There are 2 protein chains.
Amino acid sequence: EIVETLLRFFDLSTCLKGKKALVTAGGTQEPIDPVRYLGNRSSGRMGYAVAQALQEAGAETILVSAPTDLPVPQGVTRVSVQTALQMRDEVLARFTDVDIIVKAAAVADYRPAVQAEQKIKKDGSGRTLELVPNPDILAELGQKKTAQVLIGFAAETENLLANAQGKMQRKNVDLLVANDVTKEGAGFGSPTNIVSFLFPDGRKIDFPQMSKLEVARHLVKEIVNLLGMNVKE
Amino acid sequence: EIVETLLRFFDLSTCLKGKKALVTAGGTQEPIDPVRYLGNRSSGRMGYAVAQALQEAGAETILVSAPTDLPVPQGVTRVSVQTALQMRDEVLARFTDVDIIVKAAAVADYRPAVQAEQKIKKDGSGRTLELVPNPDILAELGQKKTAQVLIGFAAETENLLANAQGKMQRKNVDLLVANDVTKEGAGFGSPTNIVSFLFPDGRKIDFPQMSKLEVARHLVKEIVNLLGMNVKE
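A short tour of the structure in this document, coming up. This one's a predicted model, so the numbers in the text were calculated from it and none came from an experiment.

1. Focus on the overall build of chain A
Moving on, step 1. Helix and strand content of chain A: six helices and 14 strands.
Moving on, step 2. Here chain A has a C-alpha radius of gyration of 18 Å; the compact-globule value for 233 residues is 17 Å, and the two agree.
Moving on, step 3. With the C-alpha coordinates aligned to their principal axes, the bounding extent of chain A is approximately 65 × 35 × 30 Å.
Moving on, step 4. Counting over 233 residues, chain A shows a buried share of 55%.
Moving on, step 5. Looking at chain A as shown, the accessible area adds up to about 10200 Å², and 47% of this sits on carbon and sulfur atoms.
Moving on, step 6. Separation of charge centres in chain A, based on 28 positive and 28 negative side chains, amounts to 2 Å.

Spelled out as structure tokens, the structure:
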């Protein structure tokens, strides 16, 4: 098994010792009223796997997580949020203190303009929901970042590479994990994923279908490289 | 413990033998595009507990479930759906064949008028989402029902009893489980619930806070009564 071989060569259990990592995971929920929300189909599994792999590699790892029923990986600290604005606050508050940021969360691009305090009663007719844009956390981090390694995710349903390359350049990330969520065995709720790693220099690594934890361990290997650390190879 | 005492008197392991039950659970998801959806905050826990209690009481139990990570209770058959329209189809297809229907799912009242085939790209400006009403499955079942026992749930955030009594009469249900989801220890995601059982004759039973499985077992006792079965008491 490739990953097992890598583990033997890299000694992933210590190579991020002394580093601090922040991972976002899950899909934010934007309340319409106390009962209804705008959501998106992220299960949180990819982000939780990344947090586990970073922790296994020795990094002190915080997981800023939108609602999910997944168990917190051992040794990882979870901070629970619901909305994009809450996630932004928690990430920005910790940003300057960490070495590695992996934004695996699916953050809602829009939220309802008005949030009703009581459950909206239905009246049988149509209605219109006014939406306003949420801040772009990844772009904001890309602007602010100094020495941090910043990893983004791009879930696309069409024109995967063009959209992902554009996203990486606009947002100043060091590595973008791109996946086509319409593929069988990739994306939402699946235990496996089919991803490509894209780099600002134009490099692209395509992976076959593998478990999200295996993807996460490959990602940790690249993070180690990006941090410029000496790795026995 | 009250429930344990009831269990001893009622012999809940056999009293629904030969009966067929259908339970709906979870919150439907109404897609906006392949990634985003309109959701609601049901965890599915109450419905799964009801399915477990019905199965324990001997009923052949089918669970029509919106997306959730909960394990299927042993002996229960799960049919997975995502949207309100899919849930309606699965429930109506089985309706004439069952003796007991418990509608614990939180079904979206509205769905987006248009579902985009590809992920909608954001452009930084506001936008408007047009919504159209979904069919009212509970009211439809109330109109069609013959000998079936029909149980509804009412999650309210204000005017709980007035809203719930009105709902019961409009929808021709035999018992309505009402809970105020704003209370601590009640409703979404909580392992416990604080409910009242309302009956068409005006009877009302208020329960203290208890686990959702205990609520489910009290509900099974009332279902046995509603079916007019002979219970050792």
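2. A few points about the relation of the copies chain B and chain A
The operation linking the two copies of the chain is a rotation about an axis combined with a translation along the axis.
Moving on, step 1. For the pair chain B and chain A, the best superposition has an RMSD of 0.0 Å and corresponds to a rotation of 180° with a translation of 0.0 Å parallel to the axis. Such a turn and shift between the copies fits a two-fold axis.

3. Structural notes on the pattern of salt bridges
Moving on, step 1. This structure, assessed with the given rule, holds 26 salt bridges over all chains.
Moving on, step 2. Each of Asp33 and Arg36 of chain A together with Asp109 of chain B takes part in a single network of salt bridges with overlapping partners.

4. Structural notes on the interface of chain B and chain A
Moving on, step 1. The partner chain A presents 38 residues to the 38 residues of chain B that form the contact.
Moving on, step 2. Taken together, the two surfaces of chain B and chain A that pack against each other cover about 3600 Å², and 46% of this comes from carbon and sulfur.
Moving on, step 3. For chain B, the biggest contributors to the area lost against chain A are Tyr37, Tyr110 and Lys122 of chain B; these three give 16% of the whole.
Moving on, step 4. In this structure, the connection of chain B to chain A is made through four salt bridges.
Moving on, step 5. Of all the secondary structure elements, the ones that give two or more residues to the side of chain B that touches chain A are strand 3 (36–40), strand 8 (127–133), strand 9 (149–156) and helix 5 (160–171) of chain B.
Moving on, step 6. The element contributing the most residues to the side of chain B that touches chain A is strand 8 of chain B, with seven residues.
Moving on, step 7. Judged from the five bridges that link them, strand 3 (residues 36–40) of chain A and strand 3 of chain B form a sheet pairing that is antiparallel. Bridge pairing links Gly39 of chain A to Tyr37 of chain B in strand 3 of chain B.

5. With respect to the sheet that holds strand 5 (residues 77–80) of chain B
Residue and element names in this part refer to chain B.
Moving on, step 1. Spatially, eight strands are ordered 5-4-1-6-9-10-12-13 in an open sheet, and the strand pairing comes out mixed. Lying at the two open borders of the sheet, with one neighbouring strand each, are strand 5 and strand 13 (204–206). Strand-to-strand twist in this sheet, taken as the mean axis angle between neighbours without regard to direction, amounts to 15°.
Moving on, step 2. Relative to strand 9, helix 4 (residues 137–144) is tilted by about 155°, and along the sheet it contacts strand 6 (100–103) and strand 9.

6. Overview of the sheet that holds strand 2 (residues 30–31) of chain A
Sheet strands pair by backbone hydrogen bonding; their relative direction is either parallel or antiparallel.
Moving on, step 1. Within the open sheet, the four strands sit side by side as 2(A)-3(A)-3(B)-2(B). Their pairing is antiparallel. Since the sheet does not close on itself, it has two edges, and those belong to strand 2 of chain A together with strand 2 (30–31) of chain B, each with one partner.
Moving on, step 2. Bridging between strand 2 of chain B and strand 3 of chain B involves two bridges; their strand directions are antiparallel. When the sheet's bridge partners are listed, Glu30 of chain B is paired in strand 3 of chain B with Leu38 of chain B.

7. Some thoughts on the packing of aromatic side chains
Moving on, step 1. Applying the stated criterion across every chain yields a total of three aromatic pairs over all chains.
Moving on, step 2. We note Arg203 of chain A situated over the ring of Phe199 of chain A; from NZ or CZ to the ring centre the distance is 3.8 Å.

8. Topic: unusual backbone geometry
Residue and element names in this part refer to chain A.
Moving on, step 1. Backbone geometry at Asn172 places phi at a positive 60°, although glycine is not the residue there.
Moving on, step 2. With respect to the helices, strands and loops of the structure, Asn172 is situated in the loop between helix 5 (160–171) and strand 10 (175–180).
Moving on, step 3. Residue Asn172 is classed as partly exposed on the basis of its relative accessible area, which comes to 41%.

9. Overview of the packing of helix 3 (residues 84–94) of chain B against helix 4 of chain B
Residue and element names in this part refer to chain B.
Moving on, step 1. Interhelical geometry of helix 3 versus helix 4 gives an angle of 20° and a closest axis separation of 11 Å. The pairing of helix 3 with helix 4 is recorded here as roughly parallel in orientation. Crossing angle aside, the handedness with which helix 3 passes helix 4 is right-handed. Here helix 3 contributes Ala84, Met87, Arg88, Val91 and Leu92 to the contact with helix 4, which in turn contributes Ile137, Glu140, Leu141 and Lys144.
Moving on, step 2. In terms of residue class, the contact of helix 3 with helix 4 is built from six nonpolar, no polar and three charged.

10. Points about helix 3 of chain B
Each α-helix turn comprises 3.6 residues. Residues three or four places apart therefore point the same way.
Residues and elements named next belong to chain B.
Moving on, step 1. Residues of helix 3 that are buried include every one of Ala84, Met87 and Val91, and no others. When helix 3 is viewed along its axis, its buried side chains cluster within an angular range of 60° and face the same direction.
Moving on, step 2. In this structure, the buried residues of helix 3 make contact with strand 1 (20–25), strand 2, strand 4 (60–65) and helix 4.

11. Things to note about the packing of helix 2 (residues 45–56) of chain B against helix 6 (residues 212–226) of chain B
Helices that pack against each other are described as a pair by the angle of their axes relative to one another and the distance between those axes.
Residues and elements named next belong to chain B.
Moving on, step 1. It is the contact of helix 2 with helix 6, at a shortest axis distance of 8 Å, that shows an interaxial angle of 50°. In this view, helix 2 runs oblique relative to helix 6, as classed from their interaxial angle. Of the two possible hands of crossing, helix 2 and helix 6 adopt the one that is right-handed. Counted together, Arg45, Met46, Ala49, Val50, Gln52, Ala53, Leu54 and Glu56 of helix 2 and Lys212, Leu213, Val215, Ala216, Arg217, Leu219, Val220 and Ile223 of helix 6 form the full contact between these two elements.
Moving on, step 2. For the contact of helix 2 with helix 6, the per-class residue count stands at eleven nonpolar, one polar and four charged.

The rules we used
Chains are numbered independently. Their residues run from 1 in the order of the written sequence. Here chains are named by letter from A upward and ligands by number from 1 upward, in the order in which they appear as written. Since the coordinates come from a predicted model, pLDDT governs what is reported: local features require at least 70, and pairs of side-chain atoms require 80 or more to be given and counted, while whole-chain, interface and lining totals use all residues. Only hydrogens and water are set aside; all other atoms, that is, all heavy atoms of the structure, feed into the side-chain values. In DSSP terms, a helix is any run of H or I states spanning at least four residues, a strand is any run of E spanning at least two, and both are numbered starting from the N terminus. C-alpha atoms define the radius of gyration in this analysis, and the globule rule sets the expected value at 2.2 Å times the number of residues to the power 0.38. Exposed residues in this analysis have more than 50% of their type's maximum accessible area, buried residues have under 20%, and partly exposed residues fall in between, with area computed by a 1.4 Å probe over protein chains only. Accessible areas in this description were obtained via Shrake-Rupley with a 1.4 Å probe; residue shielding takes into account the shown protein chains only. Residues scored as charged are limited to Lys and Arg (positive) and Asp and Glu (negative), so that His and the chain ends carry no count. Lys charges are placed at NZ, Arg charges at CZ, Asp charges at CG and Glu charges at CD. We superpose the copies by least squares over the C-alpha atoms of residues that have a pLDDT of at least 70 in both of them. We count a salt bridge whenever a side-chain nitrogen from Lys or Arg sits within 4 Å of a carboxyl oxygen from Asp or Glu. Throughout, a residue-residue contact means that at least one pair of heavy atoms, one from each residue, lies within 4.5 Å. In short, buried area is how much 1.4 Å probe accessible area vanishes from two parts on joining, totalled over both. Any two strands with at least two DSSP bridges between them are considered paired. Note on geometry: axes are C-alpha line fits, over the in-contact stretch for helices, and angles between N-to-C directions span 0 to 180 degrees. Working definition: a ring pair exists when centres of Phe, Tyr or Trp rings (six-membered ring for Trp) sit within 6.5 Å. Plane angles under 30 degrees give stacked, over 60 give edge-to-face, the rest tilted. Working rule: Lys NZ or Arg CZ, within 6 Å of ring centre, within 35 degrees of ring normal, means a charge sits over the ring. Comment on the angle field: the value is read as roughly parallel under 35 degrees, roughly antiparallel over 145, roughly perpendicular from 65 to 115, and oblique elsewhere. For any pair of crossing helices, the crossing counts as left-handed if the nearer helix is rotated counterclockwise from the farther one by less than a right angle, and right-handed if it is rotated clockwise. All residues other than Ala, Val, Leu, Ile, Met, Phe, Trp, Tyr, Cys, Pro, Asp, Glu, Lys and Arg, Gly among them, are scored as polar; the first ten of these are nonpolar and the last four charged. Our arc is simply the arc of the directions from the helix axis toward the C-beta atoms.

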